[in-house]
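Residue-level structural notes
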Amino acid sequence: MENVVLVTVDSLRTDALGSYDDSRHTPVLDSLAERGTTFERAFATGNWTPFSFPSILASRPVFADTGGIGVDGVETLAETLSEAGVATAGFNAANGFLTSHWGYDDGFDEFEPFVTSVGSSIYSRYLATHPTVEAWLQLASSPVRRVGSWLRGETDDRPFLDTSRMFDVEHAATSFIEETDEPFFLWVHYMDTHTPYVPAPRYIREVSSDFLGTHRMLLAHSRTGLGWEVGERTLADLRMLYQATVRQVDASIGRLLETLSGNGVRDDTAVVVAGDHGEEFQDHGHLAHYPKLYDELAHVPLIVDAPDAPARRIEGQVGLDAIPPTVADLLDVAQSPKWQGQSLVPTILEGDAPDDQPVVSVTVRGEEVTTQPIPRSLDEGDLLVSVRTQHWTYIANVDEGTTELYHRPSDPAQQTDLSADPTPEARRMMKKSGPIVAAHASMLRDGNGDETDPDVDDDLQQRLEALGYR
């Protein structure tokens, strides 16, 4: 393999894709799954971006090396590939946790997070750091824009404003592909499926048999933003908007694949697609991705389309820390001995079952699940650690000493906790999982160095706060 494109999509649920849920239609990603390897039980190592991405781009658990989030001081995938002579580029659609501040530019020849590079005017800078305001402007102006587009005979497949920076990322990736001759690694990260969900009108029509008016979109977002009770209708509207953003990302990925084909490199390029974590729609009482470790947040899509590899569906559980060694293996580059994950290339090419190792995920929870700002260091709340096998999910609050246990085949929504009155099989699972939790918690708390979160500059701080983080 000469090239690899890694596509990560923020807050992407498995049941949003047709390859995981027959009721959905995501034609581009479905076609990748039909010709590639679909991992049916892939799990993120955290419930949100800063807890998940150290695994995705450095194959290391969050907190394990420095005591903080980020990948500073850790050998990243891009560094390993760059040292081997692979051209590297990374383009992130303005997620403030995936910036040079936390070391995510390390090893990339070209890197752009699109957090502040949106113009010099006060207005454009304000919109860059307040995506919710920008989204509301897009929603409020939608009727006028649609009439204007109709009068001019224009398409309505693009948002009035590029709220998610999707087109910035897409254009940068296209330029890199067109200008790069040597073997390359390209990473792109989409934010469309992160709140607020503001899809272009055409994608709303594609996923809805009902007309979803602008006023209903505004109402759905305002109810959640103000903390009002979310009823079934509002929840249905939010799900519809979310699904439309998935279709929007799907179409953008399709354009990137067309660029690969147009430049004659598609047959030499492996494409890896993953969600960094999922999204909750009151599956366990809340929206978005608060500190929990249930499947709606931990179970994510993972699809690998490697040319000349047969189509497969893999049932064994895998963690996203397998991505760096897999990408390196596809490019015939030796992986770092410090990486925790194992390459999935034998599975992709030969159908070998992945190692039957439990997948461990973590989060940190404040006094309440909805504590703001969401804790992002070990000293800001209780450490929760989950252990997943093919059939079981074990969740432990390490600090409180409480546990939960779920049998996913019989309880896919994870609503019935079996830990209080376990069957013999459940008791064996708990006995195996307890030491894994203890060892992982000890490793995280013994991370090299103290909590290292240097002061965040004003622009980045505003961006994080606008997304609901600090």
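These notes cover the structure that comes with them. In this text, all values refer to a predicted model and were calculated from it rather than measured experimentally.

1. Points about the packing of aromatic side chains
- This model, assessed by the stated rule, comprises 14 aromatic pairs.
- An angle of 90 degrees between the planes, with centres 6.2 Å apart, marks the rings of F53 and Y104 as edge-to-face. Placement of the pair is F53 in helix α2 (residues 49-58) and Y104 in the loop between β3 (87-92) and β4 (110-112), with a sequence separation of 51 residues. Neither residue differs from the other here; F53 and Y104 are each classed as buried.
- Cation over ring: R313 sits above Y20, and NZ or CZ is 6.0 Å from the ring centre.

2. Some thoughts on the environment of V272
- By secondary structure assignment, the location of V272 is in strand β6 (residues 269-275).
- V272 sits 264 residues away from T8 along the chain, and the two C-alpha atoms are 8.3 Å apart.
- Leaving out residues up to four positions away in the same chain, V272 has contacts with V4, V5, L6, V7, L302, I303 and V304.

3. Here's the deal with the pairing of β3
- Burial analysis of β3 places 6 of its 6 residues in the buried class, which makes it a mostly covered element.
- Sheet topology places β3 next to strand β5 (residues 184-190); 6 bridges connect them, and they run parallel. Pairing of A87 across the sheet is with F184, part of β5.
- Of the pairings in the sheet, the one linking β3 to β4 comprises 3 bridges and is parallel in character. Along β4, the bridge assignment pairs G90 with F111.

4. Re the sheet that holds strand β12 (residues 359-365)
- One open sheet accounts for 4 strands, arranged β12-β13-β14-β15; its pairing is antiparallel. Looking at which strands have only one partner, the edges of the open sheet turn out to be β12 and β15 (402-407). Within this sheet the neighbouring strands show an average axis-to-axis angle of 15 degrees, counted without direction.
- For strand β13 (residues 382-388) and strand β14 (residues 392-397), the ladder comprises 5 bridges, and the chain directions are antiparallel. Paired with V387 across the two strands is Y394, which belongs to β14.
- Across the sheet, helix α13 (residues 424-445) lies against β12, β13, β14 and β15, angled at about 50 degrees from β14, the strand it touches most.

5. Focus on a negative patch on the surface
- A contiguous patch of negative charge on the surface is contributed by D109, E110, E178, E179, D181 and E182.
- In this fold, E110 is placed in strand β4.

6. What about the pattern of salt bridges?
- Here the structure, examined in full by the defined rule, presents 14 salt bridges.
- Where R60 meets D65, a salt bridge forms, and the shortest distance between an N and an O atom there is 2.9 Å.
- A salt bridge links E170 to R255; the shortest N-O distance between them is 2.7 Å. One end of the pair, E170, is in helix α6 (residues 166-179); the other, R255, is in helix α9 (residues 232-262), with 85 residues separating them in the sequence.
- Overlapping salt bridges bring together R202, E206, R247 and D250 as one network.

Basis of the calculations
Residues numbered from 1 in each chain as written. Predicted model: local features only at pLDDT ≥ 70, side-chain atom pairs only at ≥ 80, totals over all residues. Heavy atoms only, no water. Phe/Tyr/Trp six-rings, centres within 6.5 Å; stacked < 30°, edge-to-face > 60°. Helix = DSSP H or I, 4+ residues; strand = E, 2+ residues; numbered from the N terminus. Buried < 20%, exposed > 50% of the residue type's maximum accessible area, 1.4 Å probe, protein only. Lys NZ or Arg CZ within 6 Å of the ring centre and 35° of its normal. Contact = heavy atoms within 4.5 Å. Pairing = 2+ DSSP bridges. Axes fitted to C-alpha atoms, helices over the stretch in contact; angles between N-to-C directions. Patch = residues over 30% accessible without salt bridge, like charges linked within 9 Å, V, L, I, M, F, W, Y side chains within 5 Å. Areas by Shrake-Rupley, 256 points an atom, 1.4 Å probe, with all protein chains shown as cover. Salt bridge = Lys/Arg side-chain N within 4 Å of Asp/Glu carboxyl O. Lys, Arg positive; Asp, Glu negative; His and termini not counted. Charge placed at Lys NZ, Arg CZ, Asp CG, Glu CD.

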